[in-house]
Amino acid sequence: MEIQQIYEQLGIDPAVYAFGEDVLSGLTARFQAIDRTAEYNQAKVLDAMRRSRVSAQCFAQTTGYGYNDLGRDVLERVYADTFHTEAALVRPQITCGTHALAIALSANLRPGDELLSPVGAPYDTLEEVIGIRPSKCSLAEYGVSYRQVELLPDGTFDYDGIAAAIGDRTRLITIQRSKGYATRPSFSPAQIGELIAFCKTVKADVICMVDNCYGEFVDTVEPSDFGADMIVGSLIKNPGGGLAAVGGYICGTAACVENCAYRLSAPGLGQEVGANLGQLPAMFQGFFLAPTVVAGALKGAVFAANVFERLGFACVPNGAEPRNDIIQAVTLGSPERMLAFCLGIQSAAPVDSFATPVPWAMPGYDAEVVMAAGAFVQGSSIELSADGPMREPYAVYFQGGLTWYHAKTGILMAVQKLFEKGLVTLP
Ligand SMILES: *Cc1c(COP(=O)(O)O)cnc(C)c1O
């Protein structure tokens, strides 16, 4: 059977398939570069696993307090080694990315300190962690103040503004690598490194934390290679490789990570407790697969940008720009197109393919949000997913794909739904 026939069986019109193949024919060099990064990162992870002497004993389940958990300690060694940091905290008890970031911040700030974001507003969920929007147990309630410096209109750092904003009380600087659900650019580890170096010339002992969500393994280097004191992320995104069922990580200096361990468990207990509850095999194996999984997601993002640009829609990043995360924003310009796009992604999912995404009022958002996700792990966004707020400019944010072929199918299916409903014309 021809490949085109199996796509037809999935409901993809031969004209849509042919259009996709035409776009793909121009992406060979891009895909080769992505493969080379994956090859490098695969070797990097393997090297860390060899040096940390990962063994079958590391997969044993622990319960209760989790004292003497060999696997947990080795996994943290593997993360620290891979990201070139002194220490790491990698736990299933960290419930999500927001939780990991909240731990990193609250563990390393004290009453009277000030937190600074030199890259404009942080990710939505951090607004309540910080207390930008009043919230119970926010940093603001504990006497930590907050300040932010906007990016310049061209998306670069406002160094004068940042220098002026760093004061006696500035203790921690938070830098978000990925654009998240904003329209600013995402930053490369090297760009973040420049910003960190600048901040440290203004104030040598300031702690620099990077929200690394969606950025892991997109490059051969990470912000921790450029002076970050902590990098933080979620295991149901890139570094979990699609296999980790839950978790978050904080990698950084021994001093910062130690504080985080006390904050996560309790003062006096720290890193010595925390049963692994049988999650370690998936956490190790997911991290091992993460470089190739991220490569598949990146190919999907590059393909999506090129497909939708050819169909006349604005894409961030555009089809030719380098990538610093796995998120692809596509401005579709109408609610009908957003729904059709998400229906396509949903119907290409291995789980819940029969569901129809409908907009709903999600807590914390000012407009209804539509989401397409048919994931093995609930809410996992290293798996193929798309979402966006139902308001101008009607932009959908697309990310993930455990394999490149699944990402490709999802994108073709999104085009198919738009095509069927007469919402696009194929070039
Ligand atoms: C996803 C994300 C978060 C929050 O992670 P959750 O796991 O959804 O809590 C924070 N920052 C950025 C940039 C993200 O992409």
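Bear in mind that the values here come from a model prediction, so they are computed numbers and not experimental data. (Residues numbered from 1 in each chain as written. Predicted model: local features only at pLDDT ≥ 70, side-chain atom pairs only at ≥ 80, totals over all residues. Heavy atoms only, no water.)

1. Considerations on the site of the ligand
Every residue near the ligand is listed here: Cys96, Gly97, Thr98, Leu101, Tyr123, Gln176, Asp211, Cys213, Tyr214, Ser234 and Lys237. Summarising the interface, the protein chains cover 89% of the accessible area of the ligand, which totals 370 Å² for the free molecule. No other element matches helix α5 (residues 97–108), which puts three residues into the shell around the ligand. Its residues placed into classes, the shell around the ligand shows five nonpolar, four polar and two charged. (Near = heavy atom within 4 Å. Areas by Shrake-Rupley, 256 points an atom, 1.4 Å probe, with all protein chains shown as cover. Helix = DSSP H or I, 4+ residues; strand = E, 2+ residues; numbered from the N terminus. Nonpolar A, V, L, I, M, F, W, Y, C, P; charged D, E, K, R; others polar.)

2. Some details on α5
With twelve residues, α5 should reach 16 Å at 1.5 Å per residue; the first-to-last C-alpha distance of 17 Å fits that figure. Burial within α5 is extensive, with nine of its twelve residues counted as buried. All of the buried residues along α5 are Gly97, Ala100, Leu101, Ala102, Ile103, Ala104, Leu105, Ala107 and Asn108. (Expected span 1.5 Å × (residues − 1). Buried < 20%, exposed > 50% of the residue type's maximum accessible area, 1.4 Å probe, protein only.)

3. Remarks on the packing of aromatic side chains
In total, this model carries 18 aromatic pairs according to the counting rule given. Arranged with centres 5.6 Å apart and planes meeting at 45°, the rings of Tyr79 and Tyr249 form a pair that is tilted. You can see Tyr79 sitting in helix α4 (residues 70–82) and its partner Tyr249 sitting in strand β7 (residues 248–252), a full 170 residues away along the chain. Relative accessible area serves as the criterion here: at 0%, Tyr79 is assigned to the buried category. Here Tyr249 falls in the buried class, since its relative accessible area comes to 0%. Both rings, one in Tyr79 and one in Phe287, keep their centres 4.0 Å apart while their planes meet at 20°; by these two values the pair is stacked. Highlighted residues: Tyr79 in helix α4 and Phe287 in helix α10 (residues 280–310), separated in sequence by 208 residues. Each member of the pair, Tyr79 together with Phe287, is buried. A cation sits over an aromatic face here: Lys237 above Tyr123, 5.6 Å from the ring centre. One Lys or Arg, Lys237, reaches over the ring of Tyr214 and ends 4.2 Å from the middle of that ring. (Phe/Tyr/Trp six-rings, centres within 6.5 Å; stacked < 30°, edge-to-face > 60°. Lys NZ or Arg CZ within 6 Å of the ring centre and 35° of its normal.)

4. Things to note about the environment of Ala254
Note that Ala254 resides in helix α9 (residues 254–264). Taking the C-alpha atoms as reference, Ala254 lies 15 Å from Leu264; in sequence the two are ten residues apart. Every residue in contact with Ala254, bar those within four places of it in the chain, is listed here: Glu86 and Ala87. (Contact = heavy atoms within 4.5 Å.)

5. Comments concerning a nonpolar patch on the surface
Taken together, the side chains of Leu46, Leu243, Phe288 and Leu289 present a nonpolar region at the surface, about 290 Å² in accessible area. By relative accessible area, which is 39% here, Leu46 ends up partly exposed. (Patch = residues over 30% accessible without salt bridge, like charges linked within 9 Å, V, L, I, M, F, W, Y side chains within 5 Å. Salt bridge = Lys/Arg side-chain N within 4 Å of Asp/Glu carboxyl O.)

6. Concerning the sheet that holds strand β3 (residues 145–148)
Strand order across the open sheet formed by seven strands is β1-β7-β6-β5-β4-β2-β3, with mixed pairing between neighbours. The two strands at the open ends of the sheet, each matched to only one other strand, are β1 (87–91) and β3. Within the sheet, the average angular offset between the axes of one strand and its neighbour, ignoring direction, is 20°. Note that strand β2 (residues 114–117) and strand β4 (residues 170–176) share three bridges and pair parallel. Pairing of Leu116 across the sheet is with Ile173, part of β4. Sitting on the sheet, α5 is in contact with β2, β4, β5 (207–211), β6 (230–234) and β7, with an inclination near 155° to β6. (Pairing = 2+ DSSP bridges. Axes fitted to C-alpha atoms, helices over the stretch in contact; angles between N-to-C directions.)

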